[in-house]
Structure formats: C-alpha cells, structure tokens
Amino acid sequence: MGDFHGMEIVFADTDSEFRPYLEEVTRRGRLVMRQCASCGLLRFPPGSACPWCMSLDGEWGEVSGKGTIYSYEVVTQAILSGLAGQVPYIVALVELDEQRGKPREGDGLRLVANVLKPDGTPEDEARVGIGVRVEVVLAELADGVNLPQFRVSAEAPEGSVWRYGVRR
Ligand SMILES: [Zn+2]
C-alpha cells in the first residue's frame, strides 16, 4: 500500500510479476531485469516465461540503467486527478543499452517511465527527445518500494535528436 500524489496504490499479494520486480529493484537499489536461465536473455516486462525460448527458469540480472529515449509523449491533460498538478509531464519509452538489437534486429529492452529533473519534478519538454541519453533514478513510490524513473544524463546523443514541434 502506498500513496502516489495523493492516490492510493495497492501492491497485490497475487501480483507475481511486478511486485517481486519492484521488491528486487528496491532491495538492490538498482535496476534489474528478469534473465532467462536457459538462453541468458533479459526481458521486460518481467513475465514468468522467457518470450524467446519459453523457459520458466530465471533469475534477476542487474543492468546499467543507462539508455536512450526510444519514443515519448508529453502529457498535458492528466487523466488521474492526482497528476493534475504535474502537467505537462513526460512519459518515455526508454531503450536500455543492454541487448539492443537482440535477439533480433529491432528488439531491445524497453520500459515506460517518467523523465524527471534531479528534484523529482517533471523534466522540461525542451530537454527531452528521441535519441536523448538517460539514466535510471529510483523514485520512492511508497514505503519500501522504489519505482525506476529516468533523468537526462550528461552523455551526448549518438545521433540527431527528434523533438515534437521542431522543424528539421
Ligand atoms: Zn530464454
């Protein structure tokens, strides 16, 4: 049970995938991904079976937490009342450095997260874009539960950056 911007969050005992994921992230203090014990590939979301070889055996593998914004949106109208004071905020699809293009071209480890300033408030839209380098930061979601979020890193982008509303 937790509180997120005044909204009650429940971590169900029956949640066999995300609850242990968040518990492991919190316990280690760093980002982890489910790793297949058979083929060795990491996966996200942390489902019970490997999507490539179907093995049910796995463990938690640590990742660097560094990645690139693969896609993003700017939320200007909050659906949830608790987030009304946060708009505009960034929801990004972050591709981690590990396993880019594996096991097939176009595959990768990607997760959805907010992009935040160091003070925990939403990052400015002008600093976000496809191709911008980011790094994970663990934000306290509730007592004893940390949620992986991201912040813009000091690393230069690998190529050009695409942003909404910017004519190229
Ligand atoms: Zn596998």
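See the structure shown above.
Here the structure is a predicted model, which is why all the values come from computation and not from measurement.

Rules used in this analysis
Residues numbered from 1 in each chain as written. Predicted model: local features only at pLDDT ≥ 70, side-chain atom pairs only at ≥ 80, totals over all residues. Helix = DSSP H or I, 4+ residues; strand = E, 2+ residues; numbered from the N terminus. Rg over C-alpha atoms; globule rule 2.2 N^0.38 Å. Buried ≥ 20, exposed ≤ 12 C-beta atoms within 10 Å, placed from the backbone. Contact = placed C-beta atoms within 7 Å. Pairing = 2+ DSSP bridges. Axes fitted to C-alpha atoms, helices over the stretch in contact; angles between N-to-C directions. Core = buried A, V, L, I, M, F, W, Y, C linked by C-beta atoms within 7 Å.

Things to note about the overall build of the chain
- Secondary structure assignment for the chain yields one helix and 10 strands.
- Moving toward the C terminus, one meets the helices and strands of the chain in the order β-β-α-β-β-β-β-β-β-β-β.
- A compact globule built from 168 residues should have a C-alpha radius of gyration of about 15 Å, and the chain, at 17 Å, falls within 12% of that.
- Its C-alpha atoms put the chain at 45 × 40 × 25 Å along the principal axes.
- Within the chain, buried positions represent 22% of all 168 residues.
- Here the analysis covers contacts within the chain between residues at least 6 apart in sequence; of these, 55% occur between residues at least 24 apart.

Examining the pairing of strand β10 (residues 145-152)
- Judged by which residues are buried, β10 turns out to be one-sided: N146, P148, F150 and V152 face inward and are buried, whereas V145, L147, Q149 and R151, on the alternate face, are not.
- As judged from the eight bridges shared by strand β9 (residues 133-142) and β10, these two strands associate in the antiparallel manner. By the bridge assignment for β10, A142 is matched with V145.
- With antiparallel pairing between neighbouring strands as the criterion, β9 and β10 make up a hairpin whose turn holds two residues, including G144 at a positive phi of roughly 75°.

Section: the environment of A113
- Considering the arrangement of structural elements, one finds A113 in strand β8 (residues 110-114).
- As a C-alpha pair, A113 and V136 span 23 residues in sequence and 9.4 Å in three-dimensional space.

Examining the sheet that holds strand β3 (residues 32-36)
- Pairing is antiparallel in the open sheet, where three strands are placed in the order β4-β3-β5. Two strands close off the open sheet at either side, each with one partner strand: β4 (42-43) and β5 (58-62).
- In the sheet, β3 pairs with β5 via five bridges, with the strands oriented antiparallel. Among the inter-strand pairings, R34 is bridged to a residue of β5, identified as W60.

Overview of the environment of V145
- Mapped onto the fold, V145 is located in strand β10.
- The exposure class of V145 is partly exposed, given the 17 C-beta atoms found within 10 Å.
- C-alpha separation for the pair V145 and R27, spaced 118 residues apart in sequence, amounts to 8.7 Å.
- In contact with V145, other than residues within four places in its own chain, are G2, F11, L22 and T26.

Focus on the sheet that holds β9
- With antiparallel pairing, the five strands of this open sheet are ordered in space as β8-β7-β6-β9-β10. Each of the sheet's edge strands pairs with one partner strand only, and the pair in question is β8 and β10. Strand-to-strand twist of the sheet, defined as the mean angle between neighbouring strand axes without regard to direction, takes the value 35°.

Notes on the nonpolar core
- Core analysis: the largest hydrophobic core is formed by 25 residues, its most contacted members being I69, A92, V115, V128 and V134.
- Secondary structure elements with two or more residues in this core: α1 (18-28), β3, β6 (66-75), β7 (89-96), β9 and β10.
- Top contributing element to this core by residue count: β7, with four residues.
- Beyond its immediate sequence surroundings of up to four residues, V128 is in contact with I69, Y72, I90, A92, V115 and E123.

Observations regarding unusual backbone geometry
- Of note, the bond from V87 into P88 is cis; its omega dihedral lies within 30 degrees of zero at -10°.
- K102 connects to P103 through a cis peptide bond whose omega is 0°.
- Take P103: it is sitting in the loop between β7 and β8.
- Of note, H5 is a non-glycine position whose phi angle comes to about 50°, a positive value.
- If you trace the backbone, H5 turns up in the loop between β1 (2-4) and β2 (7-9).
- Residue class for H5 comes out partly exposed when judged on the 13 C-beta atoms lying within 10 Å of it.

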